[in-house]
Amino acid sequence: PREYLMSHLILPIQRIPRYRLLLEQLMKYTPKDRPKHKILAEAVTKLMDVANHVNESKRRFENMANMVRIQNRIKGKFDSLIQPDRRLISEGMLQQKSLFSFWRWPSKSTILSFLRYASLGDEKPSL
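Residues numbered from 1 in each chain as written. Predicted model: local features only at pLDDT ≥ 70, side-chain atom pairs only at ≥ 80, totals over all residues. Heavy atoms only, no water.

**Q** Lay out the overall build of the chain in plain terms, naming residues and giving numbers.
**A** When its secondary structure is counted, the chain shows four helices and four strands. Expressed as a percentage of its 127 residues, the buried residues of the chain come to 16%. Within the chain, counting contacts between residues at least 6 apart in sequence, those at least 24 apart form 42% of the total. (Helix = DSSP H or I, 4+ residues; strand = E, 2+ residues; numbered from the N terminus. Buried < 20%, exposed > 50% of the residue type's maximum accessible area, 1.4 Å probe, protein only. Contact = heavy atoms within 4.5 Å.)

**Q** Residues and numbers for the packing of helix α2 (residues 11-29) against helix α3 (residues 35-73), please.
**A** Contact pair α2 / α3: the axes reach a minimum separation of 9 Å and the direction vectors enclose 160°. Considered as vectors, α2 and α3 are oriented roughly antiparallel to each other. In the crossing of α2 with α3, the sense of the turn from one axis to the other is left-handed. From α2, Ile13, Ile16, Tyr19, Arg20, Leu23, Glu24, Leu26 and Met27 reach across to α3, where they touch His37, Leu40, Ala41, Ala43, Val44, Leu47, Met48, Val50, Ala51 and Val54. Residues that form the contact of α2 with α3 fall into these classes: 15 nonpolar, one polar and two charged. (Axes fitted to C-alpha atoms, helices over the stretch in contact; angles between N-to-C directions. Parallel < 35°, antiparallel > 145°, perpendicular 65-115°, else oblique. Left-handed = near helix turned anticlockwise from the far one by under 90°. Nonpolar A, V, L, I, M, F, W, Y, C, P; charged D, E, K, R; others polar.)

**Q** Give me the side chain of Asn63: which residues, what numbers.
**A** Positionally, Asn63 belongs in helix α3. Within the structure, Asn63 has its side chain in polar contact with the backbone nitrogen of Leu88 (distance 2.8 Å). With sequence-adjacent residues up to four places away left out, Asn63 is seen in contact with Arg87 and Leu88. (Polar contact = N/O pair within 3.5 Å; in protein donor to acceptor, adjacent residues only side chain to side chain.)

**Q** Quick rundown of the pattern of salt bridges? Include the residues and the values.
**A** Following the criterion strictly, the structure yields four salt bridges and no others. The structure contains a network of salt bridges with shared partners spanning Glu56, Arg59 and Arg60. (Salt bridge = Lys/Arg side-chain N within 4 Å of Asp/Glu carboxyl O.)

Below, the structure written as structure tokens:
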């Protein structure tokens, strides 16, 4: 049931590349001196813009879902990681070197200080 719904919800998104291919084929067989050729070229460009927007929106959604997943795994009181202007840059195991043993698990404060996120703008990532 849920998979069935999801497979139908993705159909309009999957059509965008098909429409682009169709328009490119029409453009290929339309003489360049015809007014329709220019219209087809503009339509292809707009479809490419739409496809890029859809892909970027999907990436942002997946990134936010990963941040929610990470936040749900962290216990204790802290400010929410989820903010509209934040994105996850990297994820991995964090180990802290200790003088008393070669490796030990880091504290919560160390983990939180190493969670890396940045603004969606042109700012440099902060650690």
